[in-house]
Structure formats: structure tokens, C-alpha cells
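Close look at the chain arrangement
Residues per chain, in single letters:
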Amino acid sequence: CLLFLCKPAAAAAAAADTSTSHNLRQRRKLIIGGSDARPGEFPFIVSWYKNDSSSHPNCAGTLVAPNIVLTVASCGNSMDSPIRIGSLYPSSGGTIATIKETITHPLFDGTMVYDFCLLVLTQPLSSYHTPIPLNFVRDEPSPGDALPVIGFGTMAENRWTPATQLQ
């Protein structure tokens with residue numbers, strides 16, 4: 001989600017370019033490992049369980065307004081699941097909120113193209129959970145700039161070993 005926030009114009013253009021989406025599928029690389037996030041470092045990170053059978057959050061998003069979360073459309077149909085905001089840990093801490101409405105991109109077709117949606121929360125969050133600052137500078141970041149990827153993903157190659165702390 002952060003990629004869309006760092007360069008929304010380029011991300012939207014890339015999503016609309018079918019050759020780019022094809023290249024994304026062919027060049028798919030996994031992000032493995034990471035370093036532990038510090039308390040308060042990412043108060044805008046959101047996680048939740050797409051279904052109750054998982055013991056680890058399998059969806060994540062970014063708080064972009066006090067009551068709006070940006071996430072992938074493939075996780076956007078989980079309105080029955082409460083979400084956890086601003087926690088370093090997958091099953092504790094942070095603030096629990098509920099989803100009032102899901103707004104999926106109208107051109108989302110189940111692929112990576114247009115795979116984003118907005119979750120509208122039932123109530124705005126307190127000022128402790130600061131939304132991520134949006135970038136409106138067209139030329140930043142520059143191509144090739146390193147950008148952070150944040151989440152509770154796998155810590156080991158070739159097997160699912162979920163992170164026990166936000167990475």
C-alpha cells in the first residue's frame with residue numbers, strides 16, 4: 001500500500017498499463033525477513049484476519065485519513081473482521097476498529113491491476129493514530145529510490161514463518 005501513497009500518479013499509471021502489470025507478474029519477487037519496527041514508528045499500519053481460521057493476520061493496510069484505510073481489493077471483503085491499528089504485534093496492542101463500508105476500485109478484476117480499495121471505519125480514530133502523510137510531489141520518489149515495505153510477512157525463505165513483530 002505504501003507504494004501507492006509515495007507516488008500515486010505513477011502507481012495509477014503503472015496499474016493502467018497492461019504491459020507493466022504483465023511484467024509485475026513475471027518479475028514477482030518475494031520480500032522475506034526484515035528488522036523489528038520501533039514503538040510508534042508506524043502508527044498508520046493496519047492489520048486484520050481475512051477469515052477466523054488464521055492465527056496470523058493475512059491482510060494489511062495503511063491509515064490514510066482518521067477513518068479511511070487503503071488496502072488491496074483482494075482483502076477488502078472482510079467487513080466482519082475487526083482491524084488492529086498501530087500495533088507492533090499481530091495479535092495484541094494497538095486499537096481495534098470495525099469496518100463500516102468497503103469501496104473497491106470499479107475496475108478490479110481479481111488480478112494485480114487495480115487491486116486496491118478503501119475501508120471506511122465506523123468511527124474516526126483518535127489523534128494517536130496519525131494517518132500516513134500523503135505525497136503530492138509528482139517527481140518524488142525518483143525511479144530507483146528505496147521505499148519501505150512494512151508488514152507481518154514471512155521471515156524465512158521457502159516456508160511460511162510469520163513475523164511475530166511488525167517488520
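It should be emphasised that the depicted structure is a prediction, and the values quoted were computed from it without experimental measurement. (Residues numbered from 1 in each chain as written. Predicted model: local features only at pLDDT ≥ 70, side-chain atom pairs only at ≥ 80, totals over all residues. Heavy atoms only, no water.)

Below, the discussion takes up the overall build of the protein chain. Looking only at helices and strands, the protein chain has three helices and seven strands in total. The burial tally for the protein chain puts 35% of its 167 residues in the buried class. Of the contacts made within the protein chain by residues no fewer than 6 positions apart, 60% connect residues no fewer than 24 positions apart. (Helix = DSSP H or I, 4+ residues; strand = E, 2+ residues; numbered from the N terminus. Buried < 20%, exposed > 50% of the residue type's maximum accessible area, 1.4 Å probe, protein only. Contact = heavy atoms within 4.5 Å.)

Now for the pattern of salt bridges. In the structure shown here, the tally under the stated rule is one salt bridge. Between Arg38 and Glu41 there is a salt bridge, with the nearest N and O atoms lying 3.5 Å from each other. Take Glu41: its relative accessible area is 27%, and that puts it in the partly exposed class. (Salt bridge = Lys/Arg side-chain N within 4 Å of Asp/Glu carboxyl O.)

Attention now goes to the environment of Gln123. Along the chain, Gln123 falls in the segment after strand S7 (117-121). According to the relative accessible area criterion, Gln123 is exposed, its value standing at 55%. Considering only alpha carbons, one finds Gln123 and Ala97, 26 residues apart in sequence, at a separation of 7.8 Å. Beyond its immediate stretch of four places on either side in the chain, Gln123 contacts Pro66 and Asn67.

Across the junction of Glu140 and Pro141, the peptide omega takes the value -5 degrees, indicating a cis bond. Within the fold, Pro141 resides in the segment after S7. Even without a glycine there, the phi angle at Tyr114 is positive, about 60 degrees. The topology assignment puts Tyr114 in the loop between strand S6 (99-104) and S7.

Moving on: the nonpolar core. Counting residues in each nonpolar core, the largest one holds 28 residues, and the members touching the most others are Leu63, Ile83, Ile85, Leu121 and Leu166. It is S7 that contributes the most residues to this core, four residues altogether. Excluding anything up to four places from it in sequence, Ile85 contacts Pro43, Ile45, Val46, Leu63, Gly94, Thr95, Ala97, Leu121, Leu125 and His129. (Core = buried A, V, L, I, M, F, W, Y, C linked by side-chain atoms within 4.5 Å.)

Glancing now at the packing of aromatic side chains. For the structure shown, the criterion picks out one aromatic pair. Taken together, a centroid distance of 6.0 Å and an interplanar angle of 75 degrees make the contact between Phe42 and Phe44 edge-to-face. For Phe42, a relative accessible area of 19% translates into the label buried. (Phe/Tyr/Trp six-rings, centres within 6.5 Å; stacked < 30°, edge-to-face > 60°.)

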